[in-house]
Amino acid sequence: MIFKVEGHKLRSGLLAFALALTASATFVPVQSAHAQTRTLPDFTDLVDQVGPSVVNIRTVEKVTPRAGNGEMDEEMQEFFRRFFGQPIPGQPGQPRQGPTPKRPQQPQEEERPRGVGSGFILTADGYVMTNAHVVEDASEVLVTLPDKREFKAKIVGADKRTDVAVVKIEATGLPAVKVGDISKLRVGEWVMAIGSPFGLENTVTAGIVSAKQRDTGEYLPFIQTDVAINPGNSGGPLINMRGEVVGINSQIYSRSGGFMGISFSIPIDEAIRVSDQLRTSGRVSRGRIGVQIDQVTKDVAEAIGLGKAQGALVRGVEAGSPGEKAGVEPGDVITKFDGKAIEKPSDLPRLVGNTKPGTKSTLTVFRRGASRDLSVTIAEIEPDKPAKRAADRDEPAPKPPASAAAKSLGLAVSDLTDAQKKELKIKGGVKVDAANEGAARAGLREGDIILAVGNAEVANTKEFESAVGKADKSKALSVLFRRGDWAQYALIRPAR
């Protein structure tokens, strides 16, 4: 459709349009810029809200001072004997000149300051949470409130594995902190810390959450932040913008001993779980299943048919442990615990550790190309025991000539004796008598016990030869082997 207009009408119309466009152009950007403006957070209200709940913790330890009667230790006396040719007069066993002095009294123990840390009031009736390393080896713990009241505290319990401790002061009506929901904590959000760095009480620092689920401990997925944390901040709270405690400041990454931009906090949900047990029984009870685990590499996952590098590879199973009773075998990959996926090895000890001993749980393991569920009864964790190495005490059997299948891998293998199988607590396998070329490059060595080739168990040399003969010679061959008490996978790659 075409419109005809007169010249002056066109000019006036264009002018009106231009004015309207200009007005619109000057208004829209201002509105957009205003909408996108972000201001830095104001922490003053948070300090007023949470500050009264943060305490300073000083610890004292008892020490025995050195004797002050001028006697030298044996090393110093030996020094004088060597370089001056005679012992020092007046020392024990040497003649003294003048009257014999009275024997000094036995030195008494004295108390000396040990360290300074931080903490926060967990309940109004005087329970205070801090780090285990803050109160470790302390003979006396002194808690100072922001209003300058000071109390002697009793250590209710401390857990070194999580670095969480609870102490109790005799007071009531105290301002307790609010506990936050760790699942709502997001990477990039602002957080604040209050503590006593270098003994400077009520110091406030702020930053952002840099990462979550950071693996730096066996049982803890730490919160990483860039909040300035220094010695003395340990045990203080990490606070979100809603005034809730989301973590306990515990560690820093440093090459100098001071803050370098990376700090770690214990997630508050883990800390509360531990503190509840400490307040109830003074100790923490954790579950165990008695397996040693390792990472599943991408190459191993592809070679055994698992596909994705996930789960926890079982390298060893303790004799008589819940894992052994449940049927867990070295070489299994544990992919789930009670239906919860095991993405990385550290997930398993956390899930098992948080399970009450005596509970019946389900392990999903990947074995020989298929998944299966095993029922396991959780036991209580015990102090770690050093792994024992199995030694072959039988007379060595004559070594048969290496087969063509074994030679193709650079291996020479032989059958195990019944006594060896009994000692190693295995049903079958073949012993490596020599490892060369591809096998040696894969990490195999003499004395290793091969339990499976590919996804096929091998009970003897005949089954070993059969499994190797059926394998695809153009692809890397996965071999499950045992060395001492530990099982692991090796990938023997074809010669090029």
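Above: the structure in question.
Quick summary incoming for the structure in this document. Note that the structure is predicted; figures quoted are calculated from it, not measured.

1. Re the overall build of the protein
Counting secondary structure elements, the protein contains 12 helices and 27 strands. Each of the 496 residues in the protein was classed as buried or not, and the buried ones make up 41%. The contacts of the protein with a sequence gap of at least 6 include a subset with a gap of at least 24, amounting to 62%. With an accessible surface of roughly 28300 Å², the protein has 51% of that area assigned to carbon and sulfur atoms.

2. Concerning the pattern of salt bridges
With the rule as written, the count across this model stands at 19 salt bridges. The salt bridge involving Glu201 is made with Lys148; its shortest N-O contact spans 3.6 Å. With Glu201 in the loop between β8 (190-195) and β9 (203-215) and Lys148 in the loop between β4 (140-144) and β5 (150-159), the pair connects residues that are 53 residues apart, well separated along the chain. Each of Glu329, Asp332 and Arg367 takes part in salt bridges that share partners, so that together they form one network.

3. Digging into helix α5 (residues 268-281)
Here α5 is 14 residues long and its end C-alpha atoms lie 20 Å apart, about the 20 Å a rise of 1.5 Å per residue gives. Buried within α5 we find Ile268, Glu270, Ala271, Val274, Ser275 and Leu278. On an axial view of α5, the arc spanned by its buried residues comes to 150°, and they lie on one face. Looking one or two residues beyond α5, the residue adopting positive phi is Gly282, at roughly 80°.

4. What to know about the nonpolar core
Core analysis: the largest hydrophobic core is formed by 21 residues, its most contacted members being Leu409, Leu411, Leu444, Ile450, Val453, Phe464 and Ile492. Elements represented by at least two residues in this core include exactly α9 (404-409), β22 (411-415), β23 (430-435), β24 (449-453), α12 (461-470), β26 (477-483) and β27 (486-492).

5. Some words on the packing of aromatic side chains
How two aromatic rings sit relative to each other is set out by the distance from centre to centre and by the angle between their planes. This structure, assessed with the given rule, holds 2 aromatic pairs. Relative to Trp190, the ring of Phe43 has its centre 6.0 Å away and its plane inclined at 65°; by these criteria the two rings are edge-to-face. Residue Phe43 is found in the loop between α1 (7-36) and α2 (44-50), and its partner Trp190 is found in strand β8; the two are separated by 147 residues along the sequence. Owing to a relative accessible area of 16%, Phe43 belongs among the buried residues under this scheme. Ring centres of Phe222 and Phe264 lie 6.3 Å apart, and the angle between their planes is 70°; on these two criteria the pair is classed as edge-to-face. Note that Phe222 is positioned in strand β10 (residues 221-225) and Phe264 in strand β13 (residues 263-267), a separation of 42 residues in sequence. For the pair Phe222 and Phe264, a shared accessibility class is recorded, and that class is buried.

6. What to know about the pairing of β26
Most of β26 is tucked away: 7 of the 7 residues are buried. What you see with β26 is no split at all: Leu477, Val479, Phe481 and Arg483 on one side and Ser478, Leu480 and Arg482 on the other are buried throughout. Judged from the 7 bridges that link them, β26 and β27 form a sheet pairing that is antiparallel. Each residue of the ladder has a partner; that of Phe481, found in β27, is Gln488. Hairpin connection between β26 and β27: a loop of 2 residues separates the two successive antiparallel strands, and Gly484 in this loop has a positive phi of roughly 65°.

7. Digging into α12
Buried within α12 are the following residues: Thr461, Phe464, Ala467 and Val468. Considered in projection along α12, the buried side chains sweep an arc of 120° and stay on one side of the axis. Opposite the packed face of α12, turned more than 90 degrees from it, sit the exposed residues Lys462 and Lys470. Its side-chain oxygen 3.2 Å from the backbone nitrogen of Lys462, Asn460 forms the N-cap of α12.

What counts and what doesn't
Residues numbered from 1 in each chain as written. Predicted model: local features only at pLDDT ≥ 70, side-chain atom pairs only at ≥ 80, totals over all residues. Heavy atoms only, no water. Helix = DSSP H or I, 4+ residues; strand = E, 2+ residues; numbered from the N terminus. Buried < 20%, exposed > 50% of the residue type's maximum accessible area, 1.4 Å probe, protein only. Contact = heavy atoms within 4.5 Å. Areas by Shrake-Rupley, 256 points an atom, 1.4 Å probe, with all protein chains shown as cover. Salt bridge = Lys/Arg side-chain N within 4 Å of Asp/Glu carboxyl O. Expected span 1.5 Å × (residues − 1). Arc of directions from axis to C-beta. Core = buried A, V, L, I, M, F, W, Y, C linked by side-chain atoms within 4.5 Å. Phe/Tyr/Trp six-rings, centres within 6.5 Å; stacked < 30°, edge-to-face > 60°. Pairing = 2+ DSSP bridges. Polar contact = N/O pair within 3.5 Å; in protein donor to acceptor, adjacent residues only side chain to side chain.

Function cannot be read off these values alone, since they describe shape.
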